[in-house]
Amino acid sequence: MDFNMKKLASDAGVFFSRAVQFTEEKLGQAEKTELDAHFENLLAKADCTKNWTEKILHQTEVLLQPNPSVRVEEFLYEKLDRKVPSRVTNGELLAQYMVEAANDFGPGTPYGKTLLKVGETQKRLGGAERDFMHSASINFLNPLRSFLEGDWRTISKERRILENRRLDLDACKARLKKAKAAEAKASAVPDFQETRPRNYILSASASAAEHELRVAQTDFDRQAEVTRLLLEGISSTHVNHLRCLHEFVESQTTYYAQGYQYMLDLQKQLGRFPGTFVGNAGSTSPPPATTSPTTVAATIPVVPTVGRAPNPATAVEGALNLNDVKPPASGTRKARVLYDYEAADSRELALLADEMITVYSLPGMDPDWLIGERGNQKGKVPVTYLELLS
């Protein structure tokens with residue numbers, strides 16, 4: 001019990017000493033030990049890394065899960081060390097509604113058929129979104145959280161200890177300074193016999209203050225070295241986060257490429273069923289014109305990283321001799337090029353953004369391609385790089 005009381009009293013004394021030193025520093029009444037410029041730069045770099053990591057982590061969570069209530073629920077599950085319940089994505093839920101609607105309207109009707117096809121694509125999109133969220137969480141979010149909850153907590157703890165060691169060091173310097181001043185003042189007094197005990201006490205007090213200062217300086221230097229090593233590890237943290245960022249971009253690229261390919265496939269399927277878009281025979285309004293894949297003006301280029309099933313029409317294209325191809329008497333159109341395109345071989349026509357060319361289609365061609373002419377140059381051009389004009 002006595003030991004605990006002594007320790008409690010000692011801790012209270014240390015806390016009071018640090019509080020006094022901190023207050024006097026803020027008031028400009030005490031000197032403060034400054035860290036070297038390299039150490040200050042390490043501290044600034046660490047703080048910058050922590051702040052931006054928190055912001056990037058939060059916004060990535062918002063990107064993956066826009067619903068704040070769901071994010072809070074998932075956070076609570078993680079803190080309680082419980083498994084997060086599986087949820088359907090918005091695309092999968094939309095697919096479910098479309099399939100149910102198709103069954104009610106009749107899967108054999110044009111509307112029902114289209115609902116089934118679109119619903120199947122939405123389901124595939126939802127699955128791709130789920131895979132992207134899972135990959136991003138493992139390869140990107142978890143390393144960022146690990147840094148904030150692991151390495152950064154350790155750095156923060158050691159920095160607090162270093163600040164306490166610095167306050168102790170400066171408090172010891174202040175005490176030694178006062179003891180030296182008192183000793184010097186006493187030595188200036190005539191050496192009468194009655195002053196000897198006081199001079200002895202002042203000298204002993206100065207010696208004790210010097211010893212405390214040496215101990216405090218040693219503790220401060222040791223803690224500064226520990227903290228410095230941790231702060232220098234921030235550079236390796238940047239390297240790790242850079243690798244995670246590359247993996248995040250890779251998974252996001254795969255996700256968007258899959259989505260684009262799924263929608264292209266769906267567009268082709270719907271283009272093969274023009275009757276789907278024809279109104280009722282008794283309708284007073286004229287039916288909308290059917291749209292084929294060869295006349296759709298796409299605004300995004302084809303993603304080359306996603307493979308597509310071979311089209312039998314490519315065999316027909318391979319047999320065409322472009323030099324012998326003549327434009328049809330009717331059916332040619334003007335087109336504006338949306339993006340630069342580099343021809344893959346001699347059968348294709350290189351394109352420059354914003355130039356105007358003449359295009360037309362031939363029987364048996366892949367619907368994703370047209371024949372393009374520019375002066376005496378001729379070759380295949382991708383539809384998705386063109387804006388077809390009337």
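Residues numbered from 1 in each chain as written. Predicted model: local features only at pLDDT ≥ 70, side-chain atom pairs only at ≥ 80, totals over all residues. Heavy atoms only, no water.

Undergrad: Account for the confidence of the model for the chain, with residues named and values stated.
TA: When pLDDT is averaged along the chain, the result is 80; 78% of the residues meet or exceed 70. Confidence scores differ between elements of the chain, with helix α8 (residues 313-319) showing the lowest mean pLDDT of 47 and helix α2 (residues 37-64) the highest of 94. Within the model, pLDDT remains below 50 along residues 273-317, and this stretch shows 64 contacts once partners closer than five positions in the same chain are excluded. (pLDDT = per-residue confidence, 0-100. Helix = DSSP H or I, 4+ residues; strand = E, 2+ residues; numbered from the N terminus. Contact = heavy atoms within 4.5 Å.)

Undergrad: Report on the nonpolar core, specifying residues and quantitative values.
TA: Phe-132, Phe-140 and Leu-231 are the most contacted members of the largest nonpolar core, which has 32 residues in total. Of all the secondary structure elements, the ones that give two or more residues to this core are α2, α5 (110-187), α6 (196-232) and α7 (234-271). The biggest single contributor to this core is α5, with 15 residues. In this structure, Tyr-341, Met-365, Leu-386 and Leu-388 belong to the second largest nonpolar core, which totals 18 residues. (Core = buried A, V, L, I, M, F, W, Y, C linked by side-chain atoms within 4.5 Å. Buried < 20%, exposed > 50% of the residue type's maximum accessible area, 1.4 Å probe, protein only.)

Undergrad: Describe the pairing of strand β2 (residues 356-360), with residues and values.
TA: Across the five residues that make up β2, a large majority, four, are buried. Bridge count for strand β1 (residues 333-337) against β2 is four bridges, and the pairing is antiparallel. Paired with Ala-335 across the bridge in β2 is Ile-357. Here β2 runs beside strand β3 (residues 369-374); their pairing, made up of three bridges, is antiparallel. If you follow Val-359 over to β3, its bridge partner there is Gly-372. (Pairing = 2+ DSSP bridges.)

Undergrad: So, the environment of Arg-243: which residues are in play, and what are the values?
TA: Inspection of the secondary structure assignment puts Arg-243 in helix α7. Arg-243 gets classed as partly exposed once you look at its relative accessible area, which sits at 44%. For the pair Arg-243 and Asn-139, spaced 104 residues apart in sequence, the C-alpha to C-alpha distance is 9.1 Å. A polar contact of 2.7 Å, which involves the side chain of Arg-243, links it to the side chain of Asn-240. (Polar contact = N/O pair within 3.5 Å; in protein donor to acceptor, adjacent residues only side chain to side chain.)

Undergrad: Quick one: what's the story with unusual backbone geometry, residue by residue and with numbers?
TA: A positive phi angle, near 75°, is found at Asp-354, a position not held by glycine. By the secondary structure assignment, Asp-354 is in the loop between β1 and β2. Take Asp-354: its relative accessible area is 55%, and that puts it in the exposed class.

Undergrad: Give me the lowdown on the packing of α2 against α7, citing residues and values where you can.
TA: Between α2 and α7, the least distance of the axes is 12 Å, while the angle of their chain directions is 20°. Put simply, α2 runs roughly parallel to α7. Note on packing geometry: the crossing formed by α2 with α7 is left-handed. Contacts between α2 and α7 pair Lys-45, Ala-46, Thr-49, Thr-53, Thr-60 and Leu-63 from the former with Ile-234, Ser-235, His-238, His-241, Phe-248 and Gln-252 from the latter. In terms of residue class, the contact of α2 with α7 is built from four nonpolar, seven polar and one charged. (Axes fitted to C-alpha atoms, helices over the stretch in contact; angles between N-to-C directions. Parallel < 35°, antiparallel > 145°, perpendicular 65-115°, else oblique. Left-handed = near helix turned anticlockwise from the far one by under 90°. Nonpolar A, V, L, I, M, F, W, Y, C, P; charged D, E, K, R; others polar.)

Undergrad: I'd love a proper account of the packing of aromatic side chains, names of residues and values included.
TA: For the coordinates displayed, the defined rule picks out nine aromatic pairs. Judged by centre distance (6.5 Å) and plane angle (70°), the rings of Tyr-341 and Trp-369 are edge-to-face. Of this pair, Tyr-341 sits in the loop between β1 and β2 while Trp-369 is found in strand β3, placing the two residues 28 residues apart along the sequence. Across the pair, Trp-369 and Tyr-341 agree in class, each one buried. Residues Tyr-341 and Tyr-385 carry aromatic rings whose centres are separated by 5.1 Å and whose planes lie at 65° to one another, so their mutual orientation is edge-to-face. (Phe/Tyr/Trp six-rings, centres within 6.5 Å; stacked < 30°, edge-to-face > 60°.)

Undergrad: I'd like a rundown of the pairing of β1, residues and numbers included.
TA: When β1 meets strand β5 (residues 386-388), the two strands line up antiparallel, connected through three bridges. If you follow Ala-335 over to β5, its bridge partner there is Leu-388.

Undergrad: Describe in detail the environment of Gln-267, supporting the description with residues and values.
TA: By secondary structure assignment, the location of Gln-267 is in helix α7. Residues Gln-267 and Val-118, spaced 149 residues apart in sequence, show a C-alpha to C-alpha distance of 9.5 Å.

Undergrad: Requested: an account of helix α3 (residues 68-79), with residues and values cited.
TA: Along its twelve residues, α3 runs 17 Å from first to last C-alpha, staying within 8% of the 16 Å computed at 1.5 Å per residue. In the segment just after α3, Asp-81 is the residue with positive phi, at about 55°. (Expected span 1.5 Å × (residues − 1).)

Undergrad: Give a description of the pattern of salt bridges that names residues and reports values.
TA: Taken as a whole and assessed by the stated rule, the structure comprises 18 salt bridges. Put simply, Glu-163 and Arg-166 hold a salt bridge, and the shortest N to O gap is 2.7 Å. Of this pair, Glu-163 and Arg-166 both sit in helix α5, three residues apart, roughly one helical turn. The buried category is assigned to Arg-166, whose relative accessible area is 3%. Notably, a salt bridge pairs Arg-374 with Glu-355, separated by 2.8 Å at the nearest N-O pair. You can see Arg-374 sitting in strand β3 and its partner Glu-355 sitting in the loop between β1 and β2, a full 19 residues away along the chain. Counted as one network, the salt bridges with shared partners bring together Asp-36, Glu-225 and Arg-228. (Salt bridge = Lys/Arg side-chain N within 4 Å of Asp/Glu carboxyl O.)

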